[in-house]
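Reading the structure
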Amino acid sequence: MAAHLKKRVYEEFSKVVQIPHEETPAKKLRLSKPSKSAALHIDLCKATNSTDALQYLLQFARKPVEAESVEGVIRILLEHYYKETDNSVRLKIASLLGLLSKTQGFSPDCIVDDAINTLSNEKSHQVLAQLLDTLLVIGTQLPESPAVRLRLIEVAYKHLSDTYFGVRNKCLQLLGCLGMVDAPLGKENEGAGLRDVQSIISDYFGDQDPRVRTAALKAMLQLHERGMKVHQIIYDQACRLLTDDYEQVRSAAVQMVWVLSQLYPESIVPIPSSNEEIRLVDDAFGKISHMVSDGSWMVRVQAAKTLGSILQVSPHFLEQTLDKKLMSDLRRKRTAHERAKELFASGEFSSGRKWADDAPKEKLDTNTVNLIASGACGAFVHGLEDEMFEVRIAAVEALCHLARSSPSFAEKCLDFLVDMFNDEIEEVRLQSIHVLREISTHITLREDQLDTVLAVLEDSSRDIREALHELLCYTNVSTKECIQLALLELLKNLNKYPTDRNSVWKCLKFLGSRHPTLVLPLVPELLSTHPYFDTPEPDMDDPAYIAVLVLVFNAATSCPTMPALFSDHTFRHYAYLRDSLSHLVPPLRLPGRKQVYGLDSVDSGPGSGSVESAQLFLQQSLNRVSTIQNLEAPGAQDLLDFTIRDLQRLGELQTELAGAADFCATYLRCQLLLMKALQEKLWNMAVPLCLKQNVTATAAAQQILEETYKLEFLYSGLESRQVAIIHHVRLQAKALQVILTARTRQGSDPLISSCERFLQDVESFQRLFLTELPHLQDSFVDKLLELMPRLSSCKPVELVKILQTTLRQSGLLQLRLPEQIHRATATIIEPTGESDNPLRFTSGLVVALDVDATLEHIQDPQNTVKVQVLYPDGQSHVIHPKPGDFRKPGPHRHRLITQVYLSHTAWTEPSQIEVRLLLAYSSSSTSLTSPSKLGWSESLESLPPAEAAVEGTIPLSKAVKVYIMPKPTRR
């Protein structure tokens, strides 16, 4: 009985009550950074002397400070500033105040009053100058606050009377950077009238310290750069400063005179000590010409450069710079009537006792007035003969600018430029050649001048020789002897430097096409023809004979009587060269021989009508593809295939549209691959039954990604719309990869990470191309962004299903072409890959292989172009050329001349290596919204972690095969 009661008690009092589980809220941790101001205050309080305080401040300057902590740090610094007695510590604190004011995200308007108050009790001039520099930083950080700027200008005006030059310098700098025209100033407590900023600054043109005079001139120039019109009355003061004892003052005065000559070119200024007047621009030109003979070479360089930018100068002033003797038209002489009147008034006549005492004298009397200073005569002659090569280069460049705007001056300065070809400095010679090339449309070379020019072909520098070849392409010569002389010297150059072959051939092509009438009488001699006898047939492997044929054939395009002088083998050689060197040999109409040699070719080039029709065809092809949504899968794929083939052929026929046609073809190829990967039967079958199709789809997704990187980095001239479409296709390929990852069932972890990366890519796309989203309606990414809240919270399997459905329902985006698209191309000139003689070297050592290539439409080639060497055993070496190996002969064109060092173990027989150029890219460089530059107080650690950038290379040129033979080492 007792046991039964005990059991009932337990049953009654031991019920289990299940309390519904409530999730306890997770504790949130807030990461708080230690206060920078508190740490600085503790450090400064620990300092026992000024040396310790200075060390603490130097250590603090190396650490980053967040924007929200800047104001507290500045308060601590100001507090310590008032307590500190050592000048060096206060100077460092003033410097830190300026640096902290530059912190991004911090507005320094809250510390303006404190910074201005520190000036009132400061006794040290150096600290005062540093505080003014801090105020300048604050003023430049607050451009939208006129009240603050006005206060700072008043502070600067108040301290302009300081005895220390550094304080006056900073005050003038502050006035130049912050001064306003409509803000007149007046001296306080003196009752003086209001004065503007320019008159205040101009008062210090005559300061006793040259550094202050320089600062005053630079402040005035700063006002001009900010858009304020400088007053003309300053011109006389600036001209007086051209004779200052200090070169910095004279250099700034040259700039000031040039600015005024551009602002008031037609104003009339008087000539000192006379009644004559001339234009201000002519007077400024004469005064700056005088500075080309200055004692300081830096002033001479600046004066020579400045002369080249004064284009409104009168012709007789311009021509005077080429003659050291003063020309008669720049002298103001008295008329014969004035001289007779003076003689009559004096009562003196010739007595006849002294021979020729009344004869006219060349020497001018004291009443003769020069319109230009005698020291300015022959300014360019002095500049071109200067001992410093920097001055000579500046003079050559100035001659170029002036000669381009004046054909008559170009003819007169031709002899001087040709003489510079013999300069001892290579840089001067190269610049002279470039200048003569730019003004070549205005000049015709005489035989003596051409002889001097052609002597440069003996130069050992490849850059000099190729620049001269470029010059001869666009130069006009006067006689057939000049053509003969140029051809002989170019053939000597070809014999001495065989690597110049392509450059010499190109030079002769243009030389022949520009002078057909001068080449015509030389044809029998050049081709060694005889009216009665047959001459031996020259060797077609001789580069010199090919050079002669290139000259003759290009001259024959404009001279229809010339083919009658050709022999039979010349016609055969023409047919051969027309096929092998079509870029050098033009199409010719040769009557009576078209049946035999097929030489009645098409006209010399496509007309503008054909380009317009090609553009129309390109647009029609894109419009036709836009109807692909209405077709079944097989028909849509066939349409894309045919369109891609047509666009590739169009790019081959029309070089002007090659970039746009290739771009469209590559884009459509991506769409074709995507369409094939999304076929119906692939997704309706079980995974084990379509392993082969899965492999095909995986390869297609990877190929689409590679093609999108080509689209983005291989073509220039793209707008943001095209870049957004490229990223859209890339996003589709990544979605396909996520789906294939789920189908192959590689585990949950890879799928989860793939889904997370894909969602990050979608968010990145939305952030980068926010302005282009309205143009992407009903596209794949548009549908994803609508489902983004659901995608962020769903499971990976559900995400994959949504992606699969959305991807198969998305259509083709219409591609709109920009004005001009260019494809980056590269052509390797050397090595040619034609030699059968192996390059032999000892194994373990290196051999240098010369690489010469032309690059077209490549942006920043110094950082993106690389050379790849592929060995027969599969080893691959990628070499990054030096920046100095790149030249820029023209716009959108670069030249790569470098050496690649090869090395390998011993081989038993010669074999071929492959050399090609690669274009390196990084997806991180495509951000349209690049982060702003880091300020002084920011570090890279404070930035959000960036996504992993995709880096790779794109083949840029065809591979060239080179025979090499590493020999075993000798024991």
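Keep in mind that this is a model prediction, so the values were computed, not measured. For every chain, the first residue of its written sequence is number 1, and the numbers climb from 1 along that sequence. Owing to the predicted nature of the model, reporting of local features is limited to residues with pLDDT of at least 70; listing and counting of side-chain atom pairs is limited to 80 or more, with chain, interface and lining totals taken over all residues. Based on all heavy atoms of the structure, the side-chain values leave hydrogens and waters out of the count.

For the rest of this paragraph, the subject is the nonpolar core. As used in this record, nonpolar core signifies buried Ala, Val, Leu, Ile, Met, Phe, Trp, Tyr and Cys residues forming a set joined through side-chain atoms within 4.5 Å. Only protein chains enter the accessibility calculation, which uses a 1.4 Å probe; a residue whose area is less than 20% of its type maximum is buried, one above 50% is exposed, and one in between is partly exposed. One finds Leu135 and Ile201 to be the most contacted residues of the largest nonpolar core, which totals 173 residues. Labels follow the DSSP assignment, with helices taken as runs of H or I lasting at least four residues and strands as runs of E lasting at least two, numbered in each case from the N terminus. At eleven residues, helix α29 (residues 543-556) tops the list of elements feeding residues into this core. With sequence-adjacent residues up to four places away left out, Leu135 is seen in contact with Ala115, Ile116, Leu119, Leu152, Val155 and Leu174. Grouped together as the second largest cluster of nonpolar side chains are 103 residues, Val625, Leu678, Ile828 and Ile964 included. Two residues form a contact once any of their heavy atoms are found within 4.5 Å.

Bringing the packing of aromatic side chains into the picture now. Two aromatic rings from Phe, Tyr or Trp, using only the six-membered ring of Trp, form a pair when their centres are within 6.5 Å; if the ring planes differ by under 30 degrees the pair is stacked, by over 60 it is edge-to-face, and anything between is tilted. All told, the structure shown has eleven aromatic pairs when counted by the stated rule. Between Tyr164 and Phe165 the ring centres are 5.0 Å apart and the planes differ by 55°, which places this aromatic pair in the tilted class. By relative accessible area, Tyr164 is classed as partly exposed at 23%. Ring geometry for Phe380 versus Phe409: centroids 6.5 Å apart, planes at 50°, classification tilted. Separated by 29 residues along the polypeptide, Phe380 in helix α18 (residues 379-384) and Phe409 in helix α20 (residues 407-412) bring together distant segments of the chain.

Our next topic: the environment of Arg589. Residue placement: Arg589 occurs in the loop between α30 (568-580) and α31 (594-597). By relative accessible area, Arg589 is classed as exposed at 54%.

On to the pattern of salt bridges. Any carboxyl oxygen of Asp or Glu within 4 Å of a side-chain nitrogen of Lys or Arg constitutes a salt bridge here. Inspection of the entire model under this criterion finds 35 salt bridges. Taking the shortest distance from any N to any O, the salt bridge between Arg279 and Asp282 comes out at 3.3 Å. Summarising the burial analysis for this pair, Arg279 and Asp282 share the class buried. The closest approach of N and O atoms between Lys480 and Glu481, which form a salt bridge, is 3.4 Å. Residues joined in a network through salt bridges with shared partners are Arg462, Glu466, Asp852 and Arg895.

Once that is clear, we can look at the state of the cysteines. Counting rule for disulfides: a pair of cysteine sulfur atoms within 2.5 Å. Counted by the stated rule, this structure contains zero disulfides. No disulfide involves Cys400; its sulfur sits 9.0 Å from the nearest other cysteine sulfur, which is in Cys413. For Cys400, a relative accessible area of 4% puts it in the buried group.

What follows concerns the sheet that holds strand β15 (residues 893-902). Read from one edge of the open sheet, four strands run β9-β11-β15-β14, paired in antiparallel fashion. Of all the strands in the sheet, the pair left with one neighbour each is β9 (825-830) and β14 (886-890). Going across the sheet, the axis of each strand differs from the next one's by a mean of 25°, ignoring polarity. Only the stretch in contact is used when fitting a helix axis, every axis being a line fitted to C-alpha atoms; angles between N-to-C directions are given from 0 to 180 degrees. Across the sheet, helix α24 (residues 462-473) is in contact with β11 (847-856), β14 and β15; its angle to β15 comes to roughly 150°. A strand pair is defined by DSSP finding two or more bridges across the two strands.

Here we take up the confidence of the model for the protein. Per-residue pLDDT for the protein has a mean of 79; in total, 80% of the residues score no lower than 70. Scored below 50 in pLDDT, residues 594-608 makes 20 contacts in the model with residues more than four places away or belonging to other chains. Each residue carries a pLDDT value, the predictor's own confidence for that position, ranging from 0 to 100. Note on residues 927-947: pLDDT under 50 across the span, and 26 contacts to partners over four residues away in sequence or across chains.

Our next topic: the side chain of Gln198. Its place among the elements puts Gln198 in helix α10 (residues 197-202). Taking relative accessible area as the criterion, Gln198 reaches 3% and is therefore assigned buried. Within 3.5 Å is the distance limit for a polar contact, defined as a pair of N or O atoms, with the added protein rule that one can donate a hydrogen and the other accept it, and that residues adjacent in sequence qualify only through two side-chain atoms. Of the polar contacts made by the side chain of Gln198, one reaches the backbone oxygen of Lys229; its length is 2.9 Å. If we skip the residues at most four places from it in the chain, Gln198 touches Met220, Leu223, Met228, Lys229, Val230, His231 and Ile234.

What follows is about unusual backbone geometry. Put simply, Glu830 and Pro831 share a cis peptide bond, and its omega is 0°. By the secondary structure assignment, Pro831 is in the loop between β9 and β10 (839-842). Unusually for a residue other than glycine, His857 sits at a positive phi of about 60°. Position of His857 among the secondary structure elements: in the loop between β11 and α42 (861-864).

Between helix α25 (residues 480-496) and helix α26 (residues 501-514), whose axes approach to 10 Å, the crossing angle comes to 170°. Here α25 lies roughly antiparallel to α26, going by the angle between them. Of the residues in α26, those in contact with Ile483, Ala486, Leu487, Leu490, Asn493 and Leu494 of α25 are Arg501, Val504, Trp505, Cys507, Leu508 and Leu511. Taken together, the residues of the contact of α25 with α26 sort by class into ten nonpolar, one polar and one charged. Each angle is binned into one of four classes, with values under 35 degrees roughly parallel, values over 145 roughly antiparallel, values of 65 to 115 roughly perpendicular, and all other values oblique. Gly counts as polar in this scheme, as do all residues outside two lists: the nonpolar Ala, Val, Leu, Ile, Met, Phe, Trp, Tyr, Cys and Pro, and the charged Asp, Glu, Lys and Arg.

A 1.4 Å probe that fits into a set of points on a 1 Å grid over the protein atoms alone but cannot get out defines a cavity; an open set with protein on both sides within 12 Å along at least five of seven lines defines a pocket, and lining residues are those with an atom within 4 Å of a point. Grid points are joined across faces, edges and corners, and a volume is the space filled by probe spheres set on the points. Using the criterion set out here, one finds two cavities of 30 Å³ or more in the structure. There is about 60 Å³ of room inside the largest cavity. Surrounding the largest cavity, Leu622, Val625, Ser626, Tyr667, Leu668, Leu812, Leu813, Gln814 and Leu815 form its lining. Going through the elements one at a time, α32 (608-625) and α34 (658-677) are the ones with two or more residues in the lining of the largest cavity. Of the residues that constitute the lining of the largest cavity, the class distribution is seven nonpolar, two polar and no charged. Estimated volume of the second largest cavity: approximately 30 Å³. Leu450, Leu472, Thr475, Val477, Cys482, Ile483, Ala486 and Leu511 together form the lining of the second largest cavity. With three residues, α25 is the largest single contributor of residues to the lining of the second largest cavity. Here the lining of the second largest cavity is built from residues that sort into seven nonpolar, one polar and no charged.

Right, let's get into helix α19 (residues 389-405). One fewer than the residue count of a helix, multiplied by 1.5 Å, yields its expected span. Counted at 1.5 Å a residue, the expected span for α19 with its 17 residues is 24 Å, and the 25 Å between its end C-alpha atoms agrees. All of the buried residues in α19 are Val391, Arg392, Ile393, Ala394, Ala395, Val396, Ala398, Leu399, Cys400, Leu402 and Ala403. Elements that come into contact with the buried residues of α19 comprise α15 (297-307), α16 (315-320), α18, α20, α21 (414-419) and α22 (426-438).

In this section: the packing of α22 against α24. To characterise two packed helices, one gives the angle between the axes of the helices and the distance between these axes. Their axes nearest at 9 Å, the elements α22 and α24 cross at an angle of 15°. What the angle tells us is that α22 and α24 run roughly parallel. Along this stretch, α22 crosses α24, giving a crossing that reads as left-handed. Note on element contacts: α24 touches α22 through Asp463, Ile464, Ala467, Leu468, Glu470 and Leu471, opposite Glu426, Arg429, Leu430, Ile433, His434, Leu436 and Arg437. Left-handed describes a crossing whose near helix is turned anticlockwise from the far helix through less than a right angle; right-handed describes the clockwise counterpart.

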